[in-house]
Amino acid sequence: MKLLFIGWLTVGLGGLAFSQSNSLPGRYSIEDVLSAPYCTGLVAEPQAGRIGWVSTQEGVRSVYIHNGRSGQTTKLTNYQTDDGQDISDLHISADGRWLTFVRGGAKNGEGVSPNPTSNPAGAEQAVYLVPTDGSRAPIRVAPGNHPAFSPTGKRLLFAQGGQVHLVELAGLSTDKPITTPSRLFTARGFQTDFRWSPDGGRVLFSSVRGYHNFIGVYDLSQKAITWIAPGVDRDQAPVWSPDGKQVAFIRVPGKKHGEMENVQGGHPFAIWVADVATGEGRELWHSPADDGGFAQDYPAEPLRWTTTNKLLFFSEHEGWMHLYALPPTGGKLTDLTPGAAEAEETFVPADGRYLYYSSNLNDIDRRHIWRVALTGNEAVQPEPLTTGTGIETDPVVVGDQLFYRSASWNRSTGIAKRRVGDTSETLLFPTEAAPRFPAQALTEPKQVIFKAADGVEVHAQLFLPGSTTQISRPALIFMHGGPMRQMLLGWHYRGSYYANAYAINQYLASQGYVVLSVNYRAGIGYGRAFRRADRQGPRGASEYQDILAAAKYLQSRSDVNPLKIGLWGGSYGGYLTALGLARNSDLFACGVDIHGVHDWAWRGNHFSPGGGWAIGEAEAKVAFESSPAFNLDFWRSPCLFVHADDDRNVTFAETVDLVQKLRDKGVPTEVLIFPDDAHSFLLHKNWVRTYQALDGFFRKQLMNQPEKPLTSEK
Ligand SMILES: CC(=O)N[C@@H](C)C(=O)N[C@@H](C)C(=O)O
């Protein structure tokens, strides 16, 4: 049995579970507020009248399917434990008989999938197939990912080792073994972005080859590949024309020597079409400037060709993430999602008459569903389909029913439906609240807006403790990660990483803290200029002004004790937590840094060339000076560091290095370490342990209350 020793000497955790919640009487526990099911991966097969999703509840991941015609919802899997095996990439066959999904995490550069339970047998990522009538357990097809049903549903493609594989489903019944998959074809490079042709006779794909990508079409009968307009660029996101005679794709300039990825940068891009028969292509439109990058990386479908013969693509060239329509013959570009807002998830039914999308239009700190007509020449007039104080995202339409992911400030993300145009919502899943979930005890976050020293407007969400007694309370500043993220006035839609963070901010308010969740510059939701703010992160940490402004706001509140302000956040939020303690231990009494970046210059040299932020030699100095590790002489405030050592986003060494250096300086540090878990912890129990340690640490540092007694796993 391993015990957690809080203090400078800390033993890594393997199996300690805290048995009792640490809530004050009459309040709820961390496990309670994390106990609701959280739904992701919503997909639809309108032709079959079905939708599917993944529900994760306390780490147990389950796949569900709903028949829009019969109204029946069926659970298709029976995983029983918090096993750390993610489920993603759901697809439903056109005939509605099969659902495919991917289970397990992608391999890293060494070819190893995440194994958070330290399973001695290792872990894998594999493609599964399950009949939608629930008549048998999921069938493991093969190791791999990116499954894609053929238009008839009688074949399934998937990727394995960067090559395309096929499994025949014709004749497969629920009691027969699956036929052995086979490699469909071999091509150089890493194949991805598979798309079956409308007639099911060809497969469109991107071939990723380092400095460049090609678009290829494999003909199953001819067993031959046609390369589409091969150039010196990175062609990507290919789509078929409705008649299968043409393809469209996004062309991004090829890589130059020494060029590095920059998650916060941009690059020009163009929209191309090509004839499949000849492979000849031509440019239809190109961006005025470096308006691409995020516009291709963030949306699930960066390019579409509708059955009403329109090309739909994302661009930020007008300052916001908008979706545009372009005739496939070129010509007038139409902004389909106008307004000072971002368009995010999109859906276009087979009839191509409408675009459904989620956006923060007219409600910048939430998300709602909108619709615009794609036919006719009427002016584009977005129509709100959902409004109010909820968070609605990921629209799909089956018949006249709109299905979407739905949450609110006191309800975790479930699946809802409404007739298109209706104002009332039916919650499809879950059908009942989790018994321990404290919906009635939560507090509705308030929108707060303040300005940083340089005048930049910053939005935040304020969580106030229930009691109205105006006492001098400790306060906490939460900073999201990314940084291309936005926290909202409700349960977060973008995965459990941020849904958990929102829940814990609720919990911390219930424990008596004033909690401020800060949407600092470099985040999304407020336009391109905000997201690409000058001198951010390793180029000068300009966003730190927003954290100082948040502290100033809290100090201005009569209910806040200005000497008891703490910081917490994960990843990029961990970076800002450490930066705040390194630069301003006079302002911030303590912090909890979950897998933060601590030395941008080191990251630039030791994590994917340039650290993901294109940090080159010329920027090493400013990168180091923008880092917490730059100057530890003034760091005084205690910090709890949490990190898993199979972290593939922020190297574990970032925490090892900083903690050792802080210990050398006598700075009080505590650590909570999870062997073999990943960046976004795959084990629910690791999130619970993290938040219990955070709760105890803040209780000790900010409330002068003893941490809960050490407990051992029952
Ligand atoms: C782009 C990236 O990896 N950013 C990390 C530093 C980070 O913040 N990761 C998570 C938390 C995210 O939201 O991307």
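What you see is a predicted model, and the numbers here were worked out from it, not measured in a lab.

An account of the overall build of the protein is needed here, citing residue identities and associated values.
When its secondary structure is counted, the protein shows eleven helices and 40 strands. Taken over the C-alpha trace, the protein has a radius of gyration of 25 Å; the compact-globule value for 714 residues is 27 Å, and the two agree within 12%. Considered along the principal axes of its C-alpha atoms, the protein spans approximately 75 × 55 × 50 Å. Here the contacts in the protein between residues at least 6 apart in sequence split such that 57% fall between residues at least 24 apart. When the accessible area of the protein is evaluated, it comes to approximately 27,100 Å², of which 52% is carbon and sulfur surface. The positive charge centre, built from 67 side chains, and the negative charge centre, built from 72, are 2 Å apart in the protein.

Now, about the nonpolar core: what can you tell me, with residues and values included?
Val33, Trp491, Ile504, Leu508, Trp568, Val592 and Phe698 are the most contacted members of the largest nonpolar core, which has 71 residues in total. The element that contributes the greatest number of residues to this core is helix α3 (residues 496–510), accounting for ten residues. Setting aside anything within four residues of it in sequence, one finds Leu508 in contact with Leu476, Tyr513, Val515, Trp568 and Leu694. Listed in part, the 50 residues of the second largest apolar core include Val514, Ala541, Leu554 and Cys639.

A description of unusual backbone geometry should follow, citing residues and the corresponding values.
A cis amide bond, omega -5 degrees, links Phe429 with the succeeding residue Pro430. Residue placement: Pro430 occurs in the loop between β32 (426–429) and β33 (446–451). The peptide bond linking Gly482 to Pro483 adopts the cis configuration, its omega dihedral lying at 10 degrees. In this fold, Pro483 is placed in the loop between β35 (473–479) and α3. Positive phi outside glycine occurs at Ser118, with the angle close to 55 degrees. With respect to the element layout, Ser118 can be found in the loop between β6 (98–103) and β7 (126–131). Notably, Asp676 is not glycine yet its phi reads approximately 75 degrees, a positive angle. Here Asp676 is to be found in the loop between β40 (669–674) and α11 (684–702).

Now, about the packing of aromatic side chains: what can you tell me, with residues and values included?
Within the structure shown, the criterion is met by 38 aromatic pairs. With a centroid separation of 5.7 Å and an interplanar angle of 70 degrees, the aromatic rings of Phe205 and Trp227 are classed as edge-to-face. With a gap of 22 residues between them, Phe205 in strand β14 (residues 202–208) and Trp227 in strand β16 (residues 224–228) connect regions that are remote in the sequence. Classification of Phe205 as buried rests on a relative accessible area of 0%.

So, the site of the ligand: which residues are in play, and what are the values?
Residues in contact with the ligand, as listed here, are Gly481, Gly482, Arg485, Tyr497, Tyr498, Ser571, Tyr572, Trp613, Asn649, Val650 and His679. A distance of 2.6 Å separates an oxygen atom of the ligand from a polar atom in the backbone of Gly482. One nitrogen or oxygen atom from the side chain of Asn649 is found 3.3 Å from an oxygen atom belonging to the ligand. Burial of the ligand by the surrounding chains reaches 89%, relative to a free accessible area of 360 Å².

Before we move on, can you summarise the side chain of Asp593 with the specific residues and values?
Among the structural elements, Asp593 can be located in strand β38 (residues 590–594). With no salt bridge to any partner, buried Asp593 finds its closest opposite charge in Arg603, at an N-O distance of 12 Å. Only 2.4 Å separates the side chain of Asp593 from the side chain of His598, close enough to count as a polar contact. Residues within four places of Asp593 in sequence aside, it is in contact with Gly569, Gly574, Thr577, Ala578, His598, Cys639, Leu640, Phe641 and Val642.

Before we move on, can you summarise the UniProt feature "domain: Peptidase S9 prolyl oligopeptidase catalytic" (unreviewed entry) in the protein with the specific residues and values?
Feature annotation in UniProt assigns "domain: Peptidase S9 prolyl oligopeptidase catalytic" (unreviewed entry) to the following positions: residues 505–703. End C-alpha atoms of residues 505–703 are separated by 16 Å, and the span's content is 41% helix alongside 17% strand.

I'd like a description of the sheet that holds strand β29 (residues 391–398), backed by residues and values.
An order of β29-β30-β31-β32 is seen for the four strands of this open sheet, with the pairing classed as antiparallel. On the outer flanks of this sheet lie β29 and β32, each paired with one strand and no other. For this sheet, the mean angle separating the axes of adjacent strands, direction not counted, is 35 degrees. For strand β30 (residues 401–408) and strand β31 (residues 411–419), the ladder comprises seven bridges, and the chain directions are antiparallel.

Procedures and definitions
Residues numbered from 1 in each chain as written. Predicted model: local features only at pLDDT ≥ 70, side-chain atom pairs only at ≥ 80, totals over all residues. Heavy atoms only, no water. Helix = DSSP H or I, 4+ residues; strand = E, 2+ residues; numbered from the N terminus. Rg over C-alpha atoms; globule rule 2.2 N^0.38 Å. Contact = heavy atoms within 4.5 Å. Areas by Shrake-Rupley, 256 points an atom, 1.4 Å probe, with all protein chains shown as cover. Lys, Arg positive; Asp, Glu negative; His and termini not counted. Charge placed at Lys NZ, Arg CZ, Asp CG, Glu CD. Core = buried A, V, L, I, M, F, W, Y, C linked by side-chain atoms within 4.5 Å. Buried < 20%, exposed > 50% of the residue type's maximum accessible area, 1.4 Å probe, protein only. Phe/Tyr/Trp six-rings, centres within 6.5 Å; stacked < 30°, edge-to-face > 60°. Near = heavy atom within 4 Å. Polar contact = N/O pair within 3.5 Å; in protein donor to acceptor, adjacent residues only side chain to side chain. Salt bridge = Lys/Arg side-chain N within 4 Å of Asp/Glu carboxyl O. UniProt positions renumbered as here; feature names shortened; annotations may be inferred. Pairing = 2+ DSSP bridges. Axes fitted to C-alpha atoms, helices over the stretch in contact; angles between N-to-C directions.

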